[in-house]
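Fold and geometry: a report
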Amino acid sequence: MRYQGKGVYSAVTIGKVQLFKREETVVRRTHISDVKQEKKRLEEAKRLATEQLETIYEKALKEVGESNAQIFQIHIMMLDDEDYNDSIQNIIENQHINAEYAVAVTSDNLSALFENMDNSYMQARAADIRDISNRLIACLAGNHQEQETRDLPDKVILCAEDLAPSETVSIDKEKVLAFVTAYGSANSHTAILAGTMNIPAIIGLGEEFLSQIKDGQTAIVDGYTGQFIVDPSEEEVLLAEKKIQEDLEKKQMLQRLKGKENITIDGHKIHIYANIGNMDQVGAALMQDAGGIGLFRSEFLYLENTDYPTEEQQFRVYRKVLESMTGRKVIIRTIDIGADKQVDYFQLEKEENPALGLRAVRLCLARPEIFKCQLRALYRASAYGNLGIMFPMIASTGELEEILSICEEVKQELDEDGIQYGNKVELGVMIETPAAAIISDQIAPMVDFFSVGTNDLTQYTLACDRQNPNLERFCDPHHEAVLRLIELAAKNAHAHGLWIGICGELAADTSMTETFLRMGIDELSVSPGYVLKIRDVVRNIDLSK
Ligand code: PEP
Ligand code: MG
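Residues numbered from 1 in each chain as written. Chains lettered and ligands numbered in written order. Predicted model: local features only at pLDDT ≥ 70, side-chain atom pairs only at ≥ 80, totals over all residues. Heavy atoms only, no water.

**A few points about the site of ligand 1**
Surveying the vicinity of ligand 1 reveals 15 residues, the closest of which are Arg-297, Arg-333, Gly-453, Asn-455 and Arg-466. Here an oxygen atom of ligand 1 and a side-chain polar atom of Glu-432 are 3.0 Å apart. Between ligand 1 and Asn-455 there is a distance of 2.7 Å, counted from an oxygen atom to a backbone nitrogen or oxygen. Expressed as a share of its isolated accessible area of 290 Å², the protein-covered part of ligand 1 is 99%. (Near = heavy atom within 4 Å. Polar contact = N/O pair within 3.5 Å; in protein donor to acceptor, adjacent residues only side chain to side chain. Areas by Shrake-Rupley, 256 points an atom, 1.4 Å probe, with all protein chains shown as cover.)

**Details of the environment of Leu-488**
Counting through the fold element by element, Leu-488 comes out in helix H19 (residues 480-495). Using a relative accessible area of 26% as the deciding quantity, one classes Leu-488 as partly exposed. Separated by 51 residues in the primary sequence, Leu-488 and Ala-437 have C-alpha atoms spaced 6.7 Å apart. When sequence neighbours within four positions are dropped, the list of residues in contact with Leu-488 reads Ala-437, Ile-438 and Ser-440. (Helix = DSSP H or I, 4+ residues; strand = E, 2+ residues; numbered from the N terminus. Buried < 20%, exposed > 50% of the residue type's maximum accessible area, 1.4 Å probe, protein only. Contact = heavy atoms within 4.5 Å.)

**Quick notes on the state of the cysteines**
All told, the structure shown has zero disulfides when counted by the stated rule. With no disulfide of its own, Cys-475 has Cys-464 as its nearest cysteine by sulfur position, at a separation of 4.4 Å. The buried category is assigned to Cys-475, whose relative accessible area is 18%. (Disulfide = S-S within 2.5 Å.)

**As for helix H21 (residues 531-538)**
Of all the residues in H21, the buried ones are Val-531, Leu-532, Ile-534, Arg-535 and Val-538. Down the axis of H21, the buried side of the element spans an arc of 160°, and every buried residue falls inside it. Tucked into the core, H21 has its buried residues touching helix H9 (234-255), strand S9 (271-276), helix H20 (513-519) and strand S16 (523-526). (Arc of directions from axis to C-beta.)

**Overview of the sheet that holds strand S4 (residues 156-160)**
With mixed pairing, eight strands are arranged side by side in an open sheet as S1-S8-S7-S3-S4-S5-S6-S2. Only two strands of the sheet have a single partner each, and these edge strands are strand S1 (2-4) and strand S2 (6-9). Put simply, the sheet's adjacent strands are angled 30° from each other on average, direction ignored. Pairing of strand S5 (residues 176-181) with strand S6 (residues 201-203) involves two bridges; the strand directions are parallel. For Phe-179, the partnering residue across the bridge sits in S6 and is Ala-201. (Pairing = 2+ DSSP bridges. Axes fitted to C-alpha atoms, helices over the stretch in contact; angles between N-to-C directions.)

**Observations concerning the pairing of strand S15 (residues 499-502)**
What you see with S15 is no split at all: Trp-499 and Gly-501 on one side and Ile-500 and Ile-502 on the other are buried throughout. Sheet topology places strand S14 (residues 449-452) next to S15; four bridges connect them, and they run parallel. Following the sheet pairing, Phe-449 is matched in S15 by Trp-499. As judged from the two bridges shared by S15 and S16, these two strands associate in the parallel manner. The residue of S16 that forms the bridge with Ile-502 is Leu-524.

**Some points on the domain arrangement of the protein chain**
We note that the domain assignment places domain 1 (2-22 + 147-236), domain 2 (35-140) and domain 3 (268-538) within the protein chain. Each of domain 1 and domain 2 has a C-alpha centre, and these two points are 26 Å apart. (Domains from an automatic or database assignment.)

**Description of the pairing of strand S13 (residues 426-431)**
Regular strands place side chains that alternate from one sheet face to the opposite one. Here S13 lies mainly inside the structure; six of its six residues are buried. The alternating pattern of S13 places Glu-426, Gly-428 and Met-430 on one face and Leu-427, Val-429 and Ile-431 on the opposite face, and all of these are buried. Regarding the hand of the β-α-β motif, the stretch spanning strand S12 (residues 386-391), helix H15 (residues 397-416) and S13 is right-handed. One ladder, built from four bridges, connects S13 with S14; its direction is parallel. Bridged to Val-429 within S14 is Phe-450. (Right-handed = clockwise from strand over helix to strand, strands pointing away.)

This is how it looks when you write it as structure tokens:
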């Protein structure tokens, strides 16, 4: 039997199927007479649930790192959320219904609300609401014992509808070969966890497969193609084994490139840096021997929070990244919020065309207090390493002038406060609007470097929404128009003595590496897993030919 889903981590495995069984608590609707007593029961259950979540957080911290563990702190906050609690209390008070049922109804309503949001990150949060509600119901029903670790037979392919964040923590990861789920999104915790564990994962296989498979059946999980093959033929097993072997050899071959230079046969050197979204990925960047961080998407700090991260909070993260990279270049991009990255507490107005809306630096200029808070944290952190600050979505010299004068203001304030900052902080502009590429000759004298965001440059040059799956065949980053704009920006960068890199997904496209080197691109910034692959390609290019 073959099933097709979406591979969210590219690797292959063969193993035995294990269905993930969830202990559901059946919720009954009962009438209550003592509202006060029911509310007391609810409070007690909330206290217990919070205690459990604190224990899970500590466990997750050790197993999956701080940023993945943070979700459980968010769960604790969600348990205290005003809307969530008001809804439960109202049902108990006004309808005289038991707390379990009030929680279940609230969970259904709120998770449906999240599921219907445009943004895939927010849609994935519906699972968090269901998770905390199930926990609360279990506590109300007296099922207090948190299952610390779920017993699994040795080395299995775990198949589930979807996995709640707390379930992913309770799983003994040593025993999981792969994750296969009926639902889920690339932003789901299953996908994130698979990435952290380096094991194959397929999501979105649809519900039917769960009723058609049994524990112990042999299956192949191909995270490259998204295929899940149950009871495979001998031929299919041989093919999968070949892929596993090839993967292994490729990995070993690439590991031998660690410590080697990014140099072409004819002696031309470039930098290969890593793109990261949070502190935890610094480890991966270092393990893959990245020469620096070419893009730290700082907005993730905001996306993972339920309120504006403070200057101090941000400072600590930036400083840690800089210190961990021990003097290597770290380019932190100021927040790129808006468009596909919506954050509730910013309370942005709904826009007709968010991709063309109040996004990135536009938002920063509209809310300078948020921008200044981030810049202060960045400059303060710059005393601890080799920092570059990069501005996204620049389209005019006027807005860049405003930004640069805010940077000066921030530095002056730090001087007045007697706070130290680095004296060699490079400032750069992302070339991700056609306008920025076209006027790159005017922008170049104002900054120290350019970095091309090919994801947005493609979207805006070709008028193709990058989020729309129906436009995939039109949204072609290899389009001549996109390449000409990159070439133009490279020419103007070099004419003014700037270096230029690429940090969009196209930087990792090995079929483009030689073209980029011939254009004079000085740096490629890619996901950590691609650093050694690109190094391998660079070392086989001969620009003299
Ligand atoms: C880009 O647009 O290419 C880019 C690197 O930024 P993001 O994908 O975060 O918009
Ligand atoms: Mg972009």
